[in-house]
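Each chain, written out:
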Amino acid sequence: MKQILSASVRRMTEGLTWKRIMLIAVGAAICSFGIHNIHQRTGITEGGVIGLMLLFEHWLGISPAAITPVLDIACYLLAFRYLGGRFIRISIVSTLSVSLFYKIWELFPPMLPDLSPYPLLATVLGGLFVGVGVGIIVRQGGSSGGDDALALTISRLTRWRLSFSYLFTDLTVLALSLSYIPLRRIAFSVLTVTISSFLIDRIQKAK
């Protein structure tokens, strides 16, 4: 019985070193800080799963609390099929880390000035925070949510660069979002996802 339990623990923790966990935590802190203090306060629309969630909420009246887990689980099931169990194990740690840091940032008042009057600055800074944070997580072999899992799967299947896979999913959702969001706001979102996608790709491939 002890041998079976020990083997199960080894399988669950395969690929997870303390160094990797610490780097994932750093990436999660950076990413969630930017989204909480910049994107959410300035109303910059996201692409990927978050943007799709907002789309479902607007047109179908489906609660984000109900649709977000469904979309994330679907993305992770697809990733499990093509990226394997090791990716899922690391992603569990990274996803929980992102959620934990969201909760931590919510305990404090805003740590950055309100950049709503300066949407271009908010767009660039938000893209930098998300790109660097998620890039660190992806470099460790995990993902911060369903968006990353989907982009990594598309990259594996199509042999596209990871930055192009992110842009493909983000721009598809943002194009659909034009059905209810003004073009000017979408333009800022396109810029921020372009910056973040570029950084994620660069950090993942950095030597």
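Since the structure is predicted, the reported quantities are computational estimates derived from the model, not experimental observations.

So, the overall build of the chain
Here is step 1: When helices and strands are counted, the chain shows 9 helices and 0 strands.
Here is step 2: Expressed as a percentage of the 207 residues in the chain, the buried residues total 43%.
Here is step 3: Here the analysis covers contacts within the chain between residues at least 6 apart in sequence; of these, 79% occur between residues at least 24 apart.

Focus on the packing of aromatic side chains
Here is step 1: Within this structure, the stated rule accounts for 5 aromatic pairs.
Here is step 2: The structure contains a cluster of three or more aromatic residues connected by ring pairs, namely F33, F101, W105 and F129.

Here's the deal with unusual backbone geometry
Here is step 1: Here R159, not a glycine, exhibits a phi torsion of approximately 65 degrees, which is positive.
Here is step 2: Tracing the sequence through the fold places R159 in the loop between α7 (146-158) and α8 (162-177).
Here is step 3: Owing to a relative accessible area of 71%, R159 belongs among the exposed residues under this scheme.

Notes on the environment of G27
Here is step 1: Along the chain, G27 turns up in helix α2 (residues 18-42).
Here is step 2: Classification of G27 as buried rests on a relative accessible area of 0%.
Here is step 3: Counting along the chain gives 103 residues from G27 to V130, while the straight-line C-alpha distance between them is 8.8 Å.
Here is step 4: Dropping the residues within four chain positions of it, G27 is found in contact with G133, I136 and I137.

What counts as what
- Residues numbered from 1 in each chain as written.
- Predicted model: local features only at pLDDT ≥ 70, side-chain atom pairs only at ≥ 80, totals over all residues.
- Heavy atoms only, no water.
- Helix = DSSP H or I, 4+ residues; strand = E, 2+ residues; numbered from the N terminus.
- Buried < 20%, exposed > 50% of the residue type's maximum accessible area, 1.4 Å probe, protein only.
- Contact = heavy atoms within 4.5 Å.
- Phe/Tyr/Trp six-rings, centres within 6.5 Å; stacked < 30°, edge-to-face > 60°.

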